[in-house]
Amino acid sequence: MINVVGVRFRTAGKIYYFDPGDLDIKDGDMVIVETARGVECGKVVVASHEVSEEEVVLPLKSVIRKADEEDLRHVEENKQKEVEAFSICLEKIKKHGLEMKLIDVEYTFDNNKILFYFTADGRVDFRELVKDLASVFRTRIELRQIGVRDEAKMMGALGTCGRPLCCSTHLSEFHPVSIKMAKEQALSLNPSKISGTCGRLMCCLKYEQDNYEYLLKRMPKVDAVVQTPKGPGTVVFVSLLKEMVKVKLDNEQGADIEEYHIDNVKIVRDAEKKNDNEENLLEELKELED
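Residues numbered from 1 in each chain as written. Predicted model: local features only at pLDDT ≥ 70, side-chain atom pairs only at ≥ 80, totals over all residues. Heavy atoms only, no water.

## Remarks on the confidence of the model for the protein
It should be kept in mind that the predicted coordinates are not to be read in detail where pLDDT is low. Heads up, the rule is: Values of pLDDT, the confidence the predictor places in each residue, fall between 0 and 100. Put simply, DSSP marks the helices as runs of H or I at least four residues long and the strands as runs of E at least two long, and each gets a number from the N terminus on.
Summarising the model, the protein shows a mean pLDDT of 91, and 96% of its residues fall at 70 or more. Looking over the protein, one finds the lowest element-wise mean pLDDT in helix α8 (residues 276-284), namely 67, and the highest in helix α1 (residues 69-96), namely 97.

## Here's the deal with unusual backbone geometry
Put simply, the test is: Note on classification: 1.4 Å probe, protein chains only; a residue is buried when its accessible area is under 20% of the maximum for its type, exposed when over 50%, partly exposed between these limits.
Here the bond from L58 into P59 is cis, since omega is 0 degrees, no more than 30 degrees from zero. Within the secondary structure layout, P59 lies in the loop between β4 (38-51) and β5 (63-66). The residue A12 is not glycine, and still its phi comes out positive at about 60 degrees. Here A12 lies in the loop between β1 (2-8) and β2 (16-18). Despite not being glycine, D223 has its phi angle at roughly 85 degrees, a positive value. By the element assignment, D223 lies in the loop between α7 (209-218) and β9 (225-228). Under the relative-accessibility criterion, D223 is labelled partly exposed at 43%.

## Remarks on helix α2 (residues 127-137)
The cut-off we apply is this: Picture the helix axis, draw a direction to every C-beta atom, and the arc is the one those directions span. Note on contacts: a residue pair qualifies if any of its non-hydrogen atoms lie within 4.5 Å across the two residues.
Looking only at α2, the buried set comprises L129, D132, L133 and F137. Considered in projection along α2, the buried side chains sweep an arc of 120 degrees and stay on one side of the axis. The exposed set on the far side of α2, more than 90 degrees from its buried face, consists of R127 and K131. On its buried face, α2 is in contact with α1, β6 (101-107), β7 (113-119) and β8 (140-145). Directly beyond the C-terminal end of α2, a positive phi value near 55 degrees is found at R138.

## Quick word on the environment of L171
Along the chain, L171 falls in the loop between α4 (166-169) and α5 (179-184). Relative accessible area serves as the criterion here: at 12%, L171 is assigned to the buried category.

## Here we look at the sheet that holds β8
Selection rule: Note on pairing: two strands pair once DSSP finds at least 2 bridges between them. Angular values range over 0 to 180 degrees, each being the angle between N-to-C directions of two axes fitted as lines to C-alpha atoms, with helices fitted over their stretch in contact.
Ordered in space as β6-β7-β8, the three strands form an open sheet in which the pairing is mixed. With partners counted over all chains shown, the strands left at the sheet margins are β6 and β8, one partner each. Strand-to-strand, the axes of this sheet are offset by a mean angle of 20 degrees, without reference to chain direction. Here six bridges tie β6 to β7, and the two strands are oriented antiparallel to one another. If you follow Y107 over to β7, its bridge partner there is I114. Strands in contact with α2 are β6, β7 and β8; relative to β8, the strand with the most contacts, it is inclined by about 140 degrees. Here helix α3 (residues 148-155) sits on the sheet and contacts β6 and β7; the angle it forms with β6, its principal contact strand, is near 60 degrees.

## What to know about the nonpolar core
The condition is simple: Nonpolar cores were defined as sets of buried Ala, Val, Leu, Ile, Met, Phe, Trp, Tyr and Cys residues, with membership established by side-chain atoms within 4.5 Å.
With 18 residues, the main nonpolar core has M100, F116, L133, F137 and L143 as its most contacted residues. Taken together, the elements giving at least two residues each to this core come down to α1, β6, β7, α2 and β8. In terms of residues, this core owes the most to one element, α1, which gives four residues. Excluding anything up to four places from it in sequence, F116 contacts A85, C89, L102, D104, V105, L133, F137, I141, E142, L143 and R144.

## Regarding the pairing of β9
As defined by bridge partners, β9 adjoins strand β10 (residues 231-239) across four bridges and the pair is classed as antiparallel. Looking at β10, one finds that Q227 is bridged to P232. Here β9 folds back onto β10, and the loop between the two strands holds two residues. As judged from the three bridges shared by β9 and strand β13 (residues 266-269), these two strands associate in the antiparallel manner. Along β13, the bridge assignment pairs V225 with R269.

## Regarding α1
Along an α-helix, residues three or four apart share an orientation, since each turn contains 3.6 residues. Selection criterion: A helix is expected to span 1.5 Å multiplied by its residue count minus one. Pairing of N or O atoms within 3.5 Å defines a polar contact, subject to two protein rules: one partner must be a possible hydrogen donor and the other a possible acceptor, and residues neighboring in sequence count only if both atoms are side-chain atoms.
Under the 1.5 Å per step criterion, the end-to-end length of α1 is 40 Å for 28 residues, consistent within 8% with the ideal 40 Å. Buried residues of α1: D71, H74, N78, E82, A85, I88, C89, K92 and I93, and no others. Of the residues flanking the start of α1, the one acting as N-cap is D68, its side-chain oxygen 3.2 Å from the backbone nitrogen of E70. Looking one or two residues past α1, G97 carries a phi angle of roughly 65 degrees, positive in sign.

## Examining the sheet that holds β4
One open sheet holds the five strands; their spatial order is β2-β1-β4-β3-β5, and the pairing between them is antiparallel. Of all the strands in the sheet, the pair left with one neighbour each is β2 and β5. Each strand of the sheet is rotated relative to its neighbour by a mean of 45 degrees, with strand direction disregarded. For strand β3 (residues 30-35) and β5, the ladder comprises three bridges, and the chain directions are antiparallel. By the bridge assignment, I32 is partnered in β5 with R65.

In structure tokens:
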């Protein structure tokens, strides 16, 4: 077992683990650490605790020190520089006529590198832009192309639910989301109904998927033949979350519709219904998963 602290460098960013050494570090402390891209200032979001060596990537880098007032003042100065660098980069992009959208600018704590994040429809030849920016800032320049999900995470916005985007508030990593999830949760397959601000499938489809998968294995499909306390019948409606089914019973007086909890019916023959039109629609919507 080894002792670690978890540090974030951005709101809802990925958590990285460091060796606290003999420092008394608590949750919420600002610390100075060495990373692959240089010295950085981050916030401790996971207090000192022990984990097995399999849970972290070794060798662990150590926390250099707890951030003092001068360090925090330097962080604020860098934020002001980032605003200026953003404006300058926009001018240079326009000057070079590049088809790219600048999203964010980030200074490393030690000012040894400036990162410019952008989106573009395809590959962009930004070599001349990098030379131009390097001549202005006199430091290492890195341009990093990101996807639309990362753009939404950095920019922030309100989702269709009226709350701040999950990715910009608490989701540290993106989890795979598929159009199959929307289908299994009986949601409208209209792209505008199941897409987030980024134009891709909403991350929240993942939250209840395990429960839906469990219920789908347990529940019969529409048109399945089931045995009920009043005899055999055909399922005409399924309510997954309530675990209820409506069954059409055939008797001498005609067809009756009865509602039962799944525990009170037995599946005799499940339905294998395939809808080619729906399958084609699902295939067309695959691009929303990217």
